[in-house]
Amino acid sequence: MEIIFSMLAGILVLISAAGKLMISLRTDYADGWDAYFYLVQVKSLAETGTMHSPDISPVYAFILGFYFTVRDYVLAYKTASAVIGGLFSLSLYFLAQSLLKYSFPEKKRIHVLAVSITVLAFSVFSLSLIFVNSQFPKNMLGFMFFNFFLVFFFKAIPQFKTGKFKSCMANILLCLLFGCAAFITHRFSAGLSVMVLLYAAAVYLLKNRTFSRIAGRKIIIKIPGTKEFHASLLFLFFMSLTAGLAGFSILSFYSPGVFHITDLSRFRNVFQPAFQITPLGFMNILGSGKFPFIWKLELTAVYFLLFVILAAFITVMIFRTASAFRRNEAACKNFNPAALSGLLMFFILFVFPFFKMDAMGPGYRFYAAFLVFSPLLFVFIPGRILKSRLIFILPVSFTLLSFFSAAEFDFSSFNPPYEYYEKITLKSEEILGNRDCELVVAHKALAEIYTFTSGTDALPWKPEARFDTEKVWRICYGADDKMISFYTDAHIGGEIMPLDGKYSIVREDVWRKFLEVLKYDRPDEYLSLQNWMNPYEVRPDFITKKRKYEQ
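Residues numbered from 1 in each chain as written. Predicted model: local features only at pLDDT ≥ 70, side-chain atom pairs only at ≥ 80, totals over all residues. Heavy atoms only, no water.

Can you walk me through the confidence of the model for the protein chain in this structure?
Segments scoring low in pLDDT should not have their predicted coordinates read at a detailed level. On average, residues of the protein chain score 83 in pLDDT, and 81% of them reach the 70 mark or higher. For the protein chain, the element scoring lowest by mean pLDDT is strand E1 (residues 212–214), at 41; strand E5 (residues 472–477) scores highest, at 95. Predicted confidence for residues 210–229 stays below pLDDT 50, and this span has 31 contacts to residues more than four positions away or in other chains. Across residues 546–551 the pLDDT falls below 50, and counting only partners more than four positions away or on other chains, this stretch makes ten contacts in the model. (pLDDT = per-residue confidence, 0-100. Helix = DSSP H or I, 4+ residues; strand = E, 2+ residues; numbered from the N terminus. Contact = heavy atoms within 4.5 Å.)

How should I be thinking about the pattern of salt bridges in this particular structure?
Any two side chains of opposite charge can pair, so long as their charged atoms come close to each other. Scanning the entire structure with this criterion turns up eight salt bridges. Ionic pairing is found between Lys423 and Asp500, a salt bridge with its closest N-O pair at 3.7 Å. Taken together, the residues Lys423 in helix H17 (residues 418–432) and Asp500 in the loop between strand E6 (496–498) and strand E7 (503–507) connect sequence positions 77 residues apart. For Lys423, a relative accessible area of 48% gives the class partly exposed. A salt bridge links Arg474 to Glu508; the shortest N-O distance between them is 2.9 Å. Of the two residues, Arg474 is situated in strand E5 and Glu508 in helix H20 (residues 508–521); the sequence distance between them amounts to 34 residues. Classification of Arg474 as buried rests on a relative accessible area of 1%. Since its relative accessible area comes to 0%, Glu508 is described here as buried. (Salt bridge = Lys/Arg side-chain N within 4 Å of Asp/Glu carboxyl O. Buried < 20%, exposed > 50% of the residue type's maximum accessible area, 1.4 Å probe, protein only.)

How should I be thinking about empty space enclosed by the protein in this particular structure?
Think of a ball as big as a water molecule: rolled over the atoms, this probe shows where empty space is left. Under the criterion given, the structure shown has four cavities of 30 Å³ or more. In this structure, the second largest cavity occupies an estimated 90 Å³ of space. Taken together, Lys20, Leu21, Ser24, Asp31, Tyr77, Lys78, Ser81, Ala82, Ile130, Asn133, Ser134 and Phe411 form the lining of the second largest cavity. When contributions to the lining of the second largest cavity are tallied by element, the ones reaching two or more residues are helix H1 (2–24), helix H4 (73–103) and helix H6 (127–135). The dominant element in the lining of the second largest cavity, judged by the number of residues it contributes, is H4, at four residues. Among the residues forming the lining of the second largest cavity, the class breakdown is five nonpolar, four polar and three charged. (1 Å grid on protein atoms, 1.4 Å probe; cavity = no way out; pocket = protein on both sides within 12 Å on 5 of 7 lines; lining within 4 Å. Points joined across faces, edges and corners; volume = space filled by probe spheres on them. Nonpolar A, V, L, I, M, F, W, Y, C, P; charged D, E, K, R; others polar.)

For this particular structure, what's the right way to read helix H5 (residues 109–125)?
The periodicity of an α-helix, 3.6 residues per turn, causes residues three or four positions apart to be oriented the same way. In this model, H5 (17 residues) spans 24 Å end to end at C-alpha, consistent with the 24 Å of a helix rising 1.5 Å per residue. Extensive coverage of H5 is indicated by the burial of 15 of its 17 residues. (Expected span 1.5 Å × (residues − 1).)

For this particular structure, what's the right way to read the nonpolar core?
The tendency in soluble globular proteins is for nonpolar side chains to be buried as a group. Residues Tyr36, Phe282, Phe373, Leu376 and Ile475 are the most contacted members of the largest nonpolar core, which totals 138 residues. Those residues in contact with Ile475 that lie beyond four places of it in its chain are Ile424, Ser428, Val440, Val441, Ala442, Leu446, Tyr450, Leu499, Tyr503, Ser504, Ile505 and Met533. Counting residues in each nonpolar core, the second largest holds 15 residues, with Ala479, Tyr487, Leu518 and Leu529 among its members. (Core = buried A, V, L, I, M, F, W, Y, C linked by side-chain atoms within 4.5 Å.)

Is there a simple way to explain helix H2 (residues 35–48) in this structure?
For H2, built from 14 residues, the straight-helix expectation of 20 Å at 1.5 Å per residue is met to within 8% by its first-to-last C-alpha distance of 20 Å. The complete set of buried residues in H2 reads Ala35, Tyr36, Tyr38, Leu39, Val40, Gln41, Val42 and Ser44. Within two residues after H2, Gly49 carries a phi angle of roughly 80 degrees, on the positive side.

I keep staring at the packing of H4 against H5 and nothing clicks. Help me out?
Helix packing for two helices is described by the angle between their axes and how far apart those axes are. Two numbers describe how H4 lies on H5: the axes approach to 8 Å, and their chain directions differ by 145 degrees. Read as a crossing pair, H4 and H5 show a hand that is right-handed. Two secondary-structure elements touch here, H4 through Ser89, Leu90, Leu92, Tyr93, Ala96, Gln97, Leu100 and Lys101 and H5 through Arg109, Val112, Leu113, Val115, Ser116, Ile117, Val119, Leu120 and Ser123. Residues that form the contact of H4 with H5 fall into these classes: eleven nonpolar, four polar and two charged. (Axes fitted to C-alpha atoms, helices over the stretch in contact; angles between N-to-C directions. Left-handed = near helix turned anticlockwise from the far one by under 90°.)

Hey, could you run me through the packing of H2 against H4 in this one?
The geometry of H2 relative to H4 is characterised by a closest axis approach of 10 Å and an angle of 115 degrees between their N-to-C directions. In this structure, the crossing between H2 and H4 has a hand that is right-handed. Together, Ala35, Tyr36, Tyr38, Leu39, Val42, Lys43, Ala46 and Glu47 of H2 and Tyr73, Val74 and Tyr77 of H4 make up the contact between the two elements. Class assignment of the residues belonging to the contact of H2 with H4 gives a composition of nine nonpolar, no polar and two charged.

I would appreciate a short explanation of the sheet that holds E5 in the present structure.
Within a sheet, each strand pairs with its neighbour through backbone hydrogen bonds, oriented either parallel or antiparallel. Here we have five strands laid out as an open sheet, ordered E4-E3-E5-E7-E6, and mixed in their pairing. Each edge of the sheet is formed by a strand with only one pairing partner; in this case those strands are strand E4 (458–459) and E6. Sheet analysis places strand E3 (residues 439–441) next to E4, joined by two bridges and oriented parallel. Counted as the bridge partner of Val440 is Ala458 from E4. The sheet strands contacting helix H19 (residues 481–488) are E6 and E7, and the helix crosses E6 at an angle near 170 degrees. Across the sheet, H20 is in contact with E3, E5 and E7; its angle to E7 comes to roughly 100 degrees. (Pairing = 2+ DSSP bridges.)

Looking at this model, I keep getting lost on the packing of aromatic side chains. Mind explaining?
As enumerated under the stated definition, the model contains 58 aromatic pairs in all. For the pair Tyr487 and Phe514, a centre-to-centre distance of 6.3 Å together with 50 degrees between the ring planes defines the contact as tilted. Taken together, the residues Tyr487 in helix H19 and Phe514 in helix H20 connect sequence positions 27 residues apart. Across the ring face of Phe452, the terminal group of Lys43 is positioned such that the distance to the ring centre comes to 4.9 Å. (Phe/Tyr/Trp six-rings, centres within 6.5 Å; stacked < 30°, edge-to-face > 60°. Lys NZ or Arg CZ within 6 Å of the ring centre and 35° of its normal.)

Quick question: what am I supposed to make of the environment of Phe136 here?
Relative to the helices and strands, Phe136 resides in the loop between H6 and helix H7 (137–162). By relative accessible area, which is 6% here, Phe136 ends up buried. With 105 residues separating them in the primary sequence, Phe136 and Asp31 have C-alpha atoms 9.4 Å apart. If we skip the residues at most four places from it in the chain, Phe136 touches Asp34, Tyr364 and Arg365.

Explanation requested: the pairing of E5 in the structure shown.
Side chains on a regular strand alternate between the two faces of the sheet. Of all six residues in E5, five are buried, a share of seventy percent or more. Sheet analysis places E3 next to E5, joined by three bridges and oriented parallel. What sits directly across from Leu439, in E5, is Val472. Two strands pair when backbone bridges link them, and E5 and E7 are joined in this way by five bridges, in the antiparallel orientation.

Sorry if this is basic, but what is going on with unusual backbone geometry here?
Glycine aside, a negative phi is what most residues show, and trans is what most peptide bonds show. Within the chain, Arg71 stands out as a residue other than glycine whose phi angle is a positive 60 degrees. Note on Arg71: relative accessible area 55%, which makes it exposed. In this structure, Ala445 is a non-glycine residue whose phi angle is positive, near 80 degrees. Note on Ala445: relative accessible area 0%, which makes it buried.

Below is the structure:
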């Protein structure tokens, strides 16, 4: 039976990867707002052997490996993203098994496999997962490593308690390996790893050191059969993992791209006083008209399913505790709620309704994480369904729906207009060809494709003081060329040159002088130009890590 389920899992993973690749091949450009940042890094690695921007992550090596196979940067990116999506689905399959085995040690193997296949099948169908995978392959690779970190984490703990130390050591090493990989791949997966360890340490101390007294009776929540010796080993296990990640935290001060204390600056001004339904906020950011009906249905279903499961879980735990109190026995006999409780806590954090839903803020990223992990909601399938044929109907239904969902999805509507940005790039390079230019300033996505296409550095931030503003040129949007010339005495055709539509090229010192005058003379127009299409903020600490620049 396990062989059959393994074959089914393999087929679904192949469908997942192949489907994501076929969808991405509908467009001529790489998908996602960060796509060309990755490609600039990979191109630099392939051609010079060094990173274009200091950033440590296995995702670049992953894409580079495919480039050496297909010899096309965009195709390599698309292929790598599709494979990452397939591997993430596979990691969910194994994580679902680990969660169920750890939480329900006596559950039949057939039920564990059936639920895990359901989780995998839903991840293949999920439009949300397809979208997040296309937009954030670096995040997805980190999440995949994080999932396997949890898989071996849950395997190691029971082996400690049962004294299977030899097999346990292999799982500990794999756990540390995947934990470290998650830590260095992306800041988000690094933060999740740290949070899981803190949560596990808190649960350990609670289960092995405390109990509650009610009316003179004890409701024991200590793990049945845990010996002091094994508990000590568990403690050492948690401490070794924590020490390992702490070591990486120290190294992160000297390793660009790795989780750093300055990353916490992202969490400034991220809350809002008004309650929001998170899926609606998510759709409003991206444009609700772009969402096919089946995706809206999925977003609504998993959101409300989370709260139904949460309410049911709390109710079951209350009745279990009350029953244990009456019988004076262990409150969680044959059931360990720690892992499932932690999963629900993380989900509630991810959909917290008072986060600002901003495309650049943590609220958006947290909700995206909820979407990719939402297939794990199926580990809460009730026992009655497990014993019915419905448990086998669900994965078949999701697999069939996945072909329909793939046909419905249109990547191009969520991508930047890369074709137009490439046109702007080529025209800008033609104009700047005979001018002294050490840096170009352009908004996000345009800056990355500019660097990738032309080889000239483009920055989606306001340049730091170390740059000579007379050698920096800015691609601005929405500013009137004649107005800039009037307020700065700069010449159109000299320091100011029209591009296409509302785009122009302006020398950086002229642009700053123009804004200074406009700020007092026409404050409304000044504020209208202070937007993401005209970068006006210096790179924050969580990117530069407070590196000192020569002034």
